[in-house]
Amino acid sequence: MNNKFRNGLYTIMLWPICSYTLNAQTSYSVDQLIDAAQRNSRQLSIKGYQILEKTGKLREDGIKRYPSVVLDGNYQYNFKLPDISIPAGTIGTVNTGNGVEQLLPAQDSRFNVGEKGSYNVGINLYQPITQQGKIATSLAIDRADIKISEQEKAQSSQQLKLQMERLFYSALILEKTLAAEKLRLELTKAKLADGEASK
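Residues numbered from 1 in each chain as written. Predicted model: local features only at pLDDT ≥ 70, side-chain atom pairs only at ≥ 80, totals over all residues. Heavy atoms only, no water.

## Side note on the pairing of strand 3 (residues 92-95)
Point 1. Where strand 3 meets strand 4 (residues 101-104), 4 bridges bridge the pair, whose relative direction is antiparallel. Note on strand 4: the bridge partner recorded for glycine 92 is leucine 104.
Point 2. Hairpin connection of strand 3 to strand 4: 5 residues between the antiparallel strands, including glycine 97 at a positive phi of 100°. (Pairing = 2+ DSSP bridges. Helix = DSSP H or I, 4+ residues; strand = E, 2+ residues; numbered from the N terminus.)

This is the structure in structure tokens:
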């Protein structure tokens, strides 16, 4: 019962296609129809975008294996900065070896600290040595996800191909059935005309 219902449904769906094909007098091959269906399939395009997204994630996770360098800097403007003064002997004394002690620094030193501004520059290098195993596992998972998505896309493409072949051959069967019914109708009309003429 279910199979008869499905065939009836296919007949109803394919009737406009067959009548349009007969009226337009154009024909397409199975391969042309399959190519057009695959180009216009939303499901296949979504699967393609998912593969691109997962490939991008694989590249992004692969970058995490390498060292990263962070360079930073800042500037601070100060209205009044005092000079730095270091008096002689503040750090201590050093014996020179001839019995004389040398003061460190030897004389009073005075340093100007910027002209109302200070600059700081820093660089930071990070190598994720302890995270390499975790990163390798993440990359393996990403590769497996890509393979799964490619298999799903191939499966969807194959299902679409089978559906298009089924519809195409159902349309051909319906077209041939319609042509046979037209011939039977003409044969019946001819028999009816012969029957009326013989009376």
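## Points about helix 2 (residues 30-39)
Point 1. Among all positions of helix 2, only Val30, Ile34 and Ala37 are buried. Looking straight down helix 2, one finds that the buried residues subtend no more than 65° of arc, so they occupy a single side. Away from the buried face of helix 2 by more than 90 degrees, exposed residues Asp31 and Arg39 are located.
Point 2. The inward-facing, buried residues of helix 2 abut helix 4 (132-198). (Buried < 20%, exposed > 50% of the residue type's maximum accessible area, 1.4 Å probe, protein only. Arc of directions from axis to C-beta. Contact = heavy atoms within 4.5 Å.)

## Concerning the side chain of lysine 47
Point 1. Locating lysine 47 in the fold gives a position in helix 3 (residues 42-63).
Point 2. On the basis of relative accessibility, which here comes to 15%, the residue lysine 47 falls in the buried class.
Point 3. Ignoring any residue separated from it by four or fewer positions in sequence, one finds lysine 47 in contact with Glu152, Lys153 and Ser156.

## Quick word on the nonpolar core
Point 1. Grouped together as the largest cluster of nonpolar side chains are 7 residues: Val30, Ile34, Ala37, Leu44, Leu160, Met164 and Phe168.
Point 2. Mapped onto this core, the elements with two or more residues apiece are helix 2 and helix 4.
Point 3. Those residues in contact with valine 30 that lie beyond four places of it in its chain are Glu165, Phe168 and Tyr169. (Core = buried A, V, L, I, M, F, W, Y, C linked by side-chain atoms within 4.5 Å.)

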